[in-house]
Every structure is written in C-alpha cells, then in structure tokens.
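The primary structure of each chain is shown beneath.
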Amino acid sequence: MSSRILLRFLALFFTFGLVTTACSSDGGDDTDAAADTSSSAEGDSGDAEPPDDGTDTDGTDTDGTDTDGTDTDGGDEPDAECPHENDTVLLFGPYEANQPAGVNWRAGVEHGIRDVNESGGILGCQIDIEWQDTQADPDISKQVVAEGAELDPYTIMGTVFSGSTIVNMVEAQRAMIPQIVGSESPAITDRAENGDNDFIFRTSFGGDSGAPKLVQFMVEEGVEKVDLIYKNDEFGVGGAEAHREAFEAAGIAIGEEIVVQPEQIDLSAEVSQLAATDSDAVFVFFSEIETGAFHSEVAVQGFEKPLWGADPLTAGASIELATPGSADGARSHSGVVADAPLFEDWLAAHNELHPDITSVDHNNIKGYIGVYVVKEITERMGSFDRDAFPATLHCASITVEDEPGVLLDVSYDANGDVDRESFIVEVVDGVATVIATVPPLENLADRGC
Amino acid sequence: MEQFLQVTISGLATGAIFAISAVGFALLWQTAGAVNFAHGEFIMVPAVLILALGTQEPTVGIPDFIPLIGGANIGVALPSAGLPWGLLIGFALTIPIAIFLLGYLFKVSLVDRLLQPGGDDIPLVIATIGLGLFLREYVHEAWFATPQPFPSVFGNGFWRPGGVAISADDIGIIVACTIVIGALQFFIKRTYLGRQMEAAAQNAETARVLGIPVNRMVLLTFAINAVLVTIAGLLVSPAINARWDAGINLGLLAFTAAIIGGFNQVRGALYGGFLVGVIQNWSGAYLSTLYRDAGPLLLLILVILVRPQGLFGRAEERRI
C-alpha cells in the first residue's frame, strides 16, 4: 500500500470520526451521555424537551417539601410568557473539561436545567446553555468568558477552578452578567481584591467561610498542632491562608508548611517530610488529581497522622483516583456531600441522568443548586433583569420551602458568599460519610447585610 | 537518613518513569536520526488503548466513531486478585495497533516525507509537534477529558524495610525499565540486526552499499519504538493516570532526561531518567518544593554547556 493511499485513509478515518462526534448526541464527551437537556458548543442538537403540561411527571411531590431535587411538578409556578426568542433563555457555561471538578460541575448544571425545564422553565422560558471548555487554563478561561459574554447570556455558570475564576470573572463583571461559580478561593468574593464585583456568586462555601467550621471541629477533636500542605495556585494558597488564620484564632499551632505544584505526580518527598514532624494532624488543600496521588502515597508510606481538609479531600473523584482504600479515615468540611442520606434521592436521579460519571461529588450538587438559585431569584424579580439580579440575591435567603431545588436552606451575604448548614465528612470504606452536621454561621449581619 | 533514603528511592521510581519514556527519543535518534516531539503523546495513546481494550473499570469504551467496532466496549473485566489479566490482554491487543499506527503509519506518512538523508530536521520537528497536538485533542474529544485511574500491573502492595516505604509498583517499574533498556542496549550493540540498524542510521548510503536493507531497518526501528511506547504506557500510567494531556509533561521531562543522559545512547536514557527523578525529589525535599522542577532544568543547562553530548553520550561529528 503506498503511503499516499495510507494518508488518504488516515484523513478519511479521522474526518469520519470528527463528523460522527459532532453529529452524535451521546458520543465521545464524557458528560454528554443522557445529559442533553440543551444545545451546546459541542454540537448537541437541542433535544426536544417535554412540553410543560403543568403535571407532576414523577408523581412523588405533592406538598412542596421535596428536598431531593426531583421535584418536577412546577404546578405552583406562575404562568408567564417568555420574553425571549424561541421561548428560551440562554445561559453560558465555561467549565474545565479536563478536570473531574469541571466535568462534575457541568453534569450538575445539566441536571438542574433538565429539572427546571421539565417543571416549566423560568418565567415560562426553557433554559438553554452553551458550554465551552477552558482547559483549566486561566488565560483560556478569560478568553472563553469574554467570548461567552458576546452571546449575551442571562447568567454565566462556572468556572470551578479558583485560578480560572479569579481571572475570568473580570469579563463577566465588565459585561454585567451574573456569574455563579463553584470556586472556593476567598479572594473571589473579597471586594478589596475583586474590584468590588457585584456579579459574582458562589454555590458553596469559600475557604474563609468554611475554615472556622472545620477548625472548631478539629479543636473539639483535640488537635493542637497541624502541618499544612497545599497546592501552589489560587485555590490552594487562598484556602491555606484562610485556614491559617482560623487555626491561629483557635489556638492551633502551625508546624510545617509545604507547597506542591499543580498536578505534581510524585508526592513522596512531601509525605516523608510531613511524617518527620511532631504535629498531630495534617491539613490538606489540593484539587482532586493531587489529592488522589497524596492519598496513595500516604498509604504507601504508612503515614498515620489524621488528614483534614476541604471538600476535595473526601470527594468521590479524589477517592476514585487514589489507591483503593487509601483515602479511608480522611476528614473534611464539606458544604454538600453527594453520599449523604439527605441527598439520596437526588443522587439516584443524578446517576440515572449521568450513568457515565462514576464519582459524583460536591461539584455536581453545586452545579445543580446554582441553576435553582438563578431560577428562584429570577422569579422573585419577576423578570430576567441582569442589572437587578445582584441586589436581589445579595443578602437573600432561599429556603427549601421557597425552592426545593436548592436542596438546603441557603443565605447569601453582601459579597456573594453563602451560608448554610454543612457537614463534617469522613471517608469510610471508600465512601464519604457524614459524621457531623455543622449549623449555619448565621452572621450575615457581620457580612454586609 | 531514613528520609533521605525514602526521597532517593521514590526519586528512582519516578526516574524510571522518565527513563522508560526517554528511551524512545534515544532509540529513534540513534537508529533513524529522527526526533519525535509527539513522543509523550505516543505513550499516552497506548495507555488509553490498553484501558479501552483491556478493562471495564473504569468505564472507558471504544469511541463511537471507530467505524469497525461501533462503540462497543469489548473490554475484559479486571480480576480483583491475582494477575491483572484484563490489563495484560489490553496490552497484548494494543501492541499490534501501536505498531501499525505509531510505527508504520508514522514512518510512511511523516518521517519518510520530511526526513531526507543529510537534510534539515526542522520540518519533522514541527510536524511532530503538530501531531502531538492533534493526538491530544483527538483523545480529548473522542475518548475522555478527565483523568482515568489506571491499575498497576504490579498491584498495590508495598513494604517498609527499615522504615523506608517502597511499593510493588515502584520496584516493578525500576526493574522493568532496567531490563527493557538493558535488553535494547544489548540488541543494538551486540546483535547483528541491531548493528545493521545503527549503521543504517549513521550512513544510509554506505549501509546500502554494504547490503544492509536500510528501509527495512528503519521500519524495524519504528516498530520497536511502538512496542516501547506501549510498554511505557502500561508502566507509567498508574502513577500519572490515563490522561489526554499526560504527554505534555511526560514528553518534556523525558526529553530532558534523554539530553542529560546522552541523546545518542539508549543507556543514556536510563541514567538520565534516574538522575532527573532523584534530583527532582532532592530539590523538593531539601531546597523547596517550589524548586522541584528547577533542579533537573539547572542540570540540563549545565550539561548542555559543559558536555553537550550528554553525561553518557558520545561526541558526534556532522558533515556540513
């Protein structure tokens, strides 16, 4: 066979592949399967949604107290005429397609959109979303959000990585588009650092909100001295700083501080350093990839100090990437926990929608909640008013009774940070298990409200 | 002392990952005079194929648009104990595919067209950079975008002799890497076929005059390289996961290791890989973790300044 024929074969092969991917509604992309509630940049063709007939499609929720997120009845929503073209309101979703956190966030948002659309949408409008991959690269994410803003979306749903959000939120702010993010770095909602950004909102705790809750629990557990190991990016440095302050305030001494590079594969030197200190616990602040490697190395070195951290330490995606069993015993403070009994029904519905995602975690729930926050606030305003959106959401409280889709009662402070009940989680037999519930801080008066 | 040993042994294990990855650079240069900047992706692609063909856990299937198999997952479940047969079956199935795609097709479609005897290397360098980018995006779009856990062929066991922890995977990869590179070195230097390959790369015209089937030798080189990258994919992926972008860092560090060890010596990849791994760990442990990658890069600069042929390479002269 001549090389020319081979080249043509190769070209045809890949061209066929790319065309098939583009035309396929469930092929290739790991988040596409069964999740096509909307059209997307990857060529989803806008699956037909079931018409809103005002009926309860699952027949399970008749009293408005459904907290599992499967409430599809929408019978008590006001009948409204959608002011948008094609009766559809557009959202824009920048996300990290190469990171478990980003993929899970997208799956959660898609689940929320599916449920909202099935219950009649928002003010009579079906939700459509345009997704774009930021590759977890801050510069690319900035460009993606700038381009997304040109589409004139109602809100921007993402990103999750703090290093990206801190950069791309400027574009959303410039375009005056509310941005709902899954990021946790304190700087994101710090008005001194974010250019007095009115348009940024979290769906779970920032590092500074979550830190006092975790540290209080650690004090009760008798921790007196702690080592810190964290990732050298916005998420890691910001989170470590917030927890450092909380440790100092609570009287917990800080021992060794170790910084690792993003996606560092070999953590043996760092773990052996931690093993050599006299601290009685280690605080870990990584994303999922580093956390998985860290758990594995800790198991190999027989490291016995208790591990404490934020959501990623006990997230399903981290556990999946770690050596089986190595994450057991790790404890974290988590805003939301997919494996908690409270979310059992939600998780079942999510697994049905996204059977391809094997490690559902807090990011899925955060994405889901984000959609319902947008819905509730829009309905409170009675219109799709982006300008009024920040003022309406700042210092607002949304209860499950108001909107079951928020899953837990939540309050927003004047900066876009949330306050609500949260959980202390321990990994038991490879599953994140709630061992304690932490009440809300209820300090909105101290936070600008 | 315990910590020093721990850091050094772990560095050797990481170094073995770089060494097995670097050997392809050295092989292609030593026996075909080619530089392949898609080498990291050449390791990533077989890892993805092994996962798709050999296991059902995690759930990576054949992409829908491979027309002949049409989206079927023909994977074999990985047994929970004993030999990881699923993984080994995936490995065995991947080898012929890799030889065809990453060996034969790569040679006839790019190398033969762009690399002329005595000609400029730059077109091939640029083309392989483009090929690497294409392979990354192809896997990203067609297969998966998130890291997939990759089981170790050596299992998850570990020991702690004298308080120094070492895993079965660490030992396995160090031993396997040493055996593979040693065997390759022996093949090239001590066998008739290997010397023919080297002769064909050093002077194709003279080799032809001497009756060496040059084209066949070069093809054999690319086939061996395809097998090597498949072995590398099997060995390194448990540490770095199967990821569409795994080739970027891996390729860069492997290239660094190959240059430090000696680009024209297969054994140089072994020594270079171990050096990079150990220095990386020492830098992280005794300077600062922020200087982890700086140590090997500093060594690279020193080697290029003082001994450009690499620590274990031999000086070459080129007719201009």
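What counts, and at which threshold
- Residues numbered from 1 in each chain as written.
- Chains lettered and ligands numbered in written order.
- Predicted model: local features only at pLDDT ≥ 70, side-chain atom pairs only at ≥ 80, totals over all residues.
- Heavy atoms only, no water.
- pLDDT = per-residue confidence, 0-100.
- Helix = DSSP H or I, 4+ residues; strand = E, 2+ residues; numbered from the N terminus.
- Contact = heavy atoms within 4.5 Å.
- Pairing = 2+ DSSP bridges.
- Right-handed = clockwise from strand over helix to strand, strands pointing away.
- Axes fitted to C-alpha atoms, helices over the stretch in contact; angles between N-to-C directions.
- Parallel < 35°, antiparallel > 145°, perpendicular 65-115°, else oblique.
- Left-handed = near helix turned anticlockwise from the far one by under 90°.
- Nonpolar A, V, L, I, M, F, W, Y, C, P; charged D, E, K, R; others polar.
- Buried < 20%, exposed > 50% of the residue type's maximum accessible area, 1.4 Å probe, protein only.
- Expected span 1.5 Å × (residues − 1).
- Bend = angle between axes of the 7 residues up to and from the residue.
- Salt bridge = Lys/Arg side-chain N within 4 Å of Asp/Glu carboxyl O.
- Patch = residues over 30% accessible without salt bridge, like charges linked within 9 Å, V, L, I, M, F, W, Y side chains within 5 Å.
- Areas by Shrake-Rupley, 256 points an atom, 1.4 Å probe, with all protein chains shown as cover.
- Lys, Arg positive; Asp, Glu negative; His and termini not counted.
- Charge placed at Lys NZ, Arg CZ, Asp CG, Glu CD.
- Disulfide = S-S within 2.5 Å.

Focus on the confidence of the model for chain B
All names here are of chain B.
Phase 1 of the analysis: Looking at chain B, pLDDT values average 84 and 88% of them are 70 or higher.
Phase 2 of the analysis: Within chain B, no element has a lower average pLDDT than strand S1 (residues 158–159), which sits at 82, and none a higher one than helix H11 (residues 294–306), at 93.
Phase 3 of the analysis: Contacts from residues 56–81, a stretch scored under 50 in pLDDT, to residues over four places away or in other chains number 63 contacts.

A word on the pairing of strand S7 (residues 253–260) of chain A
Residue and element names in this part refer to chain A.
Phase 1 of the analysis: Note that strand S6 (residues 225–231) and S7 share six bridges and pair parallel. Along S7, the bridge assignment pairs Tyr230 with Val259.
Phase 2 of the analysis: The parallel pair S6 and S7, bridged by helix H6 (residues 234–250), forms a crossover whose chirality is right-handed.

Here's the deal with the confidence of the model for chain A
Residue and element names in this part refer to chain A.
Phase 1 of the analysis: On average, residues of chain A carry a pLDDT of 83, and 82% of them reach 70 or more.
Phase 2 of the analysis: Here helix H1 (residues 3–23) stands out as the element of chain A with the lowest mean pLDDT, 45, in contrast to strand S3 (residues 156–157), whose mean of 98 is the highest.
Phase 3 of the analysis: The model gives residues 9–78 a pLDDT under 50, and that stretch makes 135 contacts with residues more than four places away or in other chains.

Some words on the packing of helix H2 (residues 39–54) of chain B against helix H3 (residues 85–114) of chain B
Residues and elements named next belong to chain B.
Phase 1 of the analysis: Direction vectors running N to C along H2 and H3 enclose 140°, while the axes themselves pass 8 Å from each other. Taken as axis vectors, H2 and H3 run oblique relative to one another. Here the hand of the crossing between H2 and H3 comes out right-handed. Residues Phe42, Pro46, Leu49, Ile50, Leu53 and Gly54 of H2 form the contact with H3, whose participating residues are Gly86, Leu87, Gly90, Phe91, Leu93, Thr94, Ile97, Leu102 and Phe106.
Phase 2 of the analysis: Along the lines of polarity and charge, the residues of the contact of H2 with H3 split into 11 nonpolar, four polar and no charged.

Quick notes on unusual backbone geometry
Residues and elements named next belong to chain A.
Phase 1 of the analysis: A cis amide bond links Gly158 to the next residue, Thr159, at an omega of 20°.
Phase 2 of the analysis: A positive phi is found at Leu123, a non-glycine position, where the angle reads about 45°.
Phase 3 of the analysis: With a relative accessible area of 11%, Leu123 lands in the buried category.

A word on helix H4 (residues 162–174) of chain A
Residue and element names in this part refer to chain A.
Phase 1 of the analysis: In this model, H4 (13 residues) spans 19 Å end to end at C-alpha, consistent with the 18 Å of a helix rising 1.5 Å per residue.
Phase 2 of the analysis: The largest bend in H4 comes to about 35°, at Asn168.
Phase 3 of the analysis: In this structure, the buried side of H4 is in contact with helix H3 (138–149), S3, strand S4 (179–181), strand S5 (200–202) and H6.

Overview of the environment of Phe199 of chain A
Residues and elements named next belong to chain A.
Phase 1 of the analysis: Structurally, the position occupied by Phe199 is in the loop between S4 and S5.
Phase 2 of the analysis: A residue is classified by how much of its surface remains accessible, and Phe199, at 9% relative accessible area, is buried.
Phase 3 of the analysis: Spatially, the C-alpha atoms of Phe199 and Gly416 are 7.9 Å apart, while their sequence positions differ by 217 residues.
Phase 4 of the analysis: Dropping the residues within four chain positions of it, Phe199 is found in contact with Gln173, Met176, Ile177, Pro178, Gln179, Arg386 and Pro390.

Comments concerning the pattern of salt bridges
Two side chains that carry opposite charge are able to pair once their charged atoms sit near each other.
Residue and element names in this part refer to chain A.
Phase 1 of the analysis: This model, assessed by the stated rule, comprises 29 salt bridges over all chains.
Phase 2 of the analysis: Among the ionic pairs, Glu221 bridges to Arg331, the shortest N-O distance being 2.8 Å. Pair noted here: Glu221 is in the loop between helix H5 (207–220) and S6 and Arg331 is in strand S10 (residues 331–334), with a separation of 110 residues, a long-range link.
Phase 3 of the analysis: Overall, Glu221 belongs to the partly exposed group, its relative accessible area being 42%.
Phase 4 of the analysis: Between Glu290 and Lys231 there is a salt bridge, with the nearest N and O atoms lying 3.8 Å from each other. Here Glu290, found in helix H8 (residues 288–300), pairs with Lys231, found in strand S6; they are 59 residues apart in sequence, far enough to count as distant.

So, a negative patch on the surface
All names here are of chain A.
Phase 1 of the analysis: A cluster of like negative charges, contributed by Glu193, Asp208, Glu241, Glu245 and Glu248, occupies part of the molecular surface.
Phase 2 of the analysis: Counting residues per element, the negative patch draws most heavily on H6, which supplies three residues.
Phase 3 of the analysis: As for its position among the elements, Glu248 is in helix H6.
Phase 4 of the analysis: For Glu248, a relative accessible area of 52% corresponds to the exposed category.

Things to note about the environment of Phe384 of chain A
All names here are of chain A.
Phase 1 of the analysis: As for its position among the elements, Phe384 is in the loop between helix H12 (362–381) and helix H13 (389–393).
Phase 2 of the analysis: According to the relative accessible area criterion, Phe384 is buried, its value standing at 15%.
Phase 3 of the analysis: Remark: the alpha-carbon pair of Phe384 and Pro83, spanning 301 residues in sequence, is separated by 8.4 Å.
Phase 4 of the analysis: Apart from the residues lying within four places of it in its own chain, the contact partners of Phe384 are Pro83, His84, Val89, Ile122, Leu123, Cys125, Tyr154 and Thr378.

A look at the sheet that holds strand S13 (residues 418–419) of chain A
The pairing of strands in a sheet comes from backbone hydrogen bonds and takes either a parallel or an antiparallel form.
Phase 1 of the analysis: The strand order across the open sheet formed by three strands is S11-S12-S13 (chain A), and the pairing between neighbours is antiparallel. Sheet topology places strand S11 (397–398) and S13 of chain A at the edges, where each strand pairs with a single neighbour.

A look at the sheet that holds strand S8 (residues 281–285) of chain A
Residue and element names in this part refer to chain A.
Phase 1 of the analysis: Read across the sheet, seven strands follow the order S7-S6-S8-S9-S10-S14-S15 without closing on themselves; strand pairing throughout is mixed. Lying at the two open borders of the sheet, with one neighbouring strand each, are S7 and strand S15 (431–438). On average, each strand axis in the sheet is inclined to that of its neighbour by 25°, with strand direction left out of account.
Phase 2 of the analysis: Two strands pair when backbone bridges link them, and strand S14 (residues 422–428) and S15 are joined in this way by seven bridges, in the antiparallel orientation. Along S15, the bridge assignment pairs Val425 with Val434.
Phase 3 of the analysis: Relative to the sheet, H5 contacts S6, S8, strand S9 (307–309), S10, S14 and S15, its axis offset from that of S10 by approximately 145°.
Phase 4 of the analysis: Relative to the sheet, H8 contacts S6, S8 and S9, its axis offset from that of S9 by approximately 170°.

Overview of the state of the cysteines
All names here are of chain A.
Phase 1 of the analysis: Within the structure shown, the criterion is met by two disulfides over all chains.
Phase 2 of the analysis: Here Cys82 engages in a disulfide with Cys125; their sulfurs sit 1.8 Å apart. Handedness here is read from the sign of the S-S torsion; for Cys82 and Cys125, about 100°, the answer is right-handed. Taken together, the residues Cys82 in the loop between H1 and strand S1 (88–95) and Cys125 in the loop between helix H2 (100–118) and strand S2 (126–133) connect sequence positions 43 residues apart. The burial state of Cys82 is the same as that of Cys125; both residues are buried.

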